[in-house]
Amino acid sequence: MNIIILAGSNRKAATSTLLSHYIASQLKEKGVTARVFDLYEKPIPFYSPDTESSDANLLEMKEALLRADGIVLATPEYHGSMSGVLKNALDHVGFDYFDGKAVLSVSSAGGAVGVSSLQQLQTIVRNVHGINCPEWISIGGEQRAFNDNGEPADAKTKARVEKTITYFVKLVQTVRH
Ligand SMILES: Cc1cc2nc3c(=O)[nH]c(=O)nc-3n(C[C@H](O)[C@H](O)[C@H](O)COP(=O)(O)O)c2cc1C
C-alpha cells in the first residue's frame, strides 16, 4: 500500500507539515509506503487552464498522486478555509488522480479546531470522485505542540491521530480491494 501526504503549507515550520510527517511515521510503522510531498519545499506554479505546465515539481506531484492507493490532504486553517497553495495544487489534478481512492483530510488551526477547511477539502474530494474518510484530524491551539521526536506533545492528541490513521489504513485497504 502506498499513501501520499500532501502537506499544504507555505511555512517552513508549519505544524500541519509536522503532523504530516508524524502521520507518515505512523503509516510506515504499519508497513505502508508513505511519502510527504511538502508544497513549501516543492512549490507548484499557479494553475492556468490556458497552459499545460511541465514544471518538475508539478510532474513529480502528479506522478506521486497517480501511484498512490490513498491520499492525505493536510492544510493550515486560513480564514476558515484551506491554504491557497493546497487549493492551487488541487486545481492541477482531477478524476484521474483521485477516482476510487480513500482521502483523509487534516488541518491545523490557531483556534481550538479547524473544521471549516476540512469540510471544504471534503467538498473538493467529492468533486474529483475521491472517497472521503469519515474520520478526519484537526489539531488546534495548544494541541499544535510537537516534541523532539516529532510526536504530538499532548498524549490525547497523539492517541487521536493514531486511532484515525488505523481507521484510514483499513479504509484504503477496503476501497482498493
Ligand atoms: C492568513 C491566516 C489566516 C488564518 N485564519 C485562521 C482561521 O480562520 N481560524 C483559525 O483557527 N486560525 C487561523 N489562522 C491561524 C493558523 O490556522 C495557525 O497559525 C495554524 O497553526 C497554521 O498552520 P501551520 O502551523 O501549518 O502553518 C490563520 C493564520 C493565517 C496566517
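What this report covers is the structure whose coordinates are included nearby. (Residues numbered from 1 in each chain as written. Predicted model: local features only at pLDDT ≥ 70, side-chain atom pairs only at ≥ 80, totals over all residues. Heavy atoms only, no water.)

**A short note on the overall build of the protein chain**
- What the protein chain contains, in helices and strands, is 6 helices and 6 strands.
- Each helix (α) and strand (β) of the protein chain, taken in turn from the N terminus, gives the series β-α-β-α-β-α-α-β-α-β-β-α.
- The C-alpha atoms of the protein chain give 15 Å as radius of gyration, which agrees with the globular expectation for 177 residues (16 Å, within 12%).
- If one aligns the C-alpha atoms of the protein chain with their principal axes, the spans along those axes are about 45 × 35 × 25 Å.
- Considering the protein chain as a whole, with its 177 residues, one finds that 49% of them fall into the buried category.
- Sequence-distant contacts in the protein chain: of pairs separated by 6 or more residues, those separated by 24 or more amount to 76%.
- For the protein chain, the accessible surface area stands at approximately 8,800 Å², while carbon and sulfur atoms represent 49% of it. (Helix = DSSP H or I, 4+ residues; strand = E, 2+ residues; numbered from the N terminus. Rg over C-alpha atoms; globule rule 2.2 N^0.38 Å. Buried < 20%, exposed > 50% of the residue type's maximum accessible area, 1.4 Å probe, protein only. Contact = heavy atoms within 4.5 Å. Areas by Shrake-Rupley, 256 points an atom, 1.4 Å probe, with all protein chains shown as cover.)

**Describing the site of the ligand**
- The environment of the ligand is formed by 15 residues, the closest being Arg11, Thr15, Ser16, Glu77 and Arg144.
- Gly80 is positioned such that a nitrogen or oxygen atom in its backbone is 2.9 Å from an oxygen atom of the ligand.
- For the ligand, the accessible surface in isolation is 630 Å², of which the surrounding protein chains cover 68%.
- Among the secondary structure elements, those contributing two or more residues to the shell around the ligand are helix 1 (15-29) and strand 4 (102-109). (Near = heavy atom within 4 Å. Polar contact = N/O pair within 3.5 Å; in protein donor to acceptor, adjacent residues only side chain to side chain.)

**Looking at the pattern of salt bridges**
- For the structure shown, the criterion picks out 6 salt bridges.
- Residue Arg67 pairs with Glu63 through a salt bridge whose shortest N-O separation is 3.2 Å. Here Arg67 pairs with Glu63, and both are found in helix 2 (residues 56-67), just 4 residues apart, close to one helical turn.
- Classification of Arg67 by relative accessible area gives partly exposed; the value is 49%.
- Between Asp91 and Lys87 there is a salt bridge, with its nearest N and O atoms 2.7 Å apart. Here Asp91 and its partner Lys87 are both found in helix 3 (residues 84-91), 4 residues apart, which amounts to about one turn of the helix.
- In this structure Asp91 comes out as partly exposed when scored by relative accessible area, which is 35%.
- Salt bridges linked by common partners bring Arg35, Lys42 and Glu60 together as one network. (Salt bridge = Lys/Arg side-chain N within 4 Å of Asp/Glu carboxyl O.)

**A closer look at unusual backbone geometry**
- Although it is not a glycine, His79 adopts a positive phi angle of roughly 50 degrees.
- Along the chain, the position of His79 falls in the loop between strand 3 (70-76) and helix 3.
- When its relative accessible area of 85% is taken as the criterion, His79 is described as exposed.

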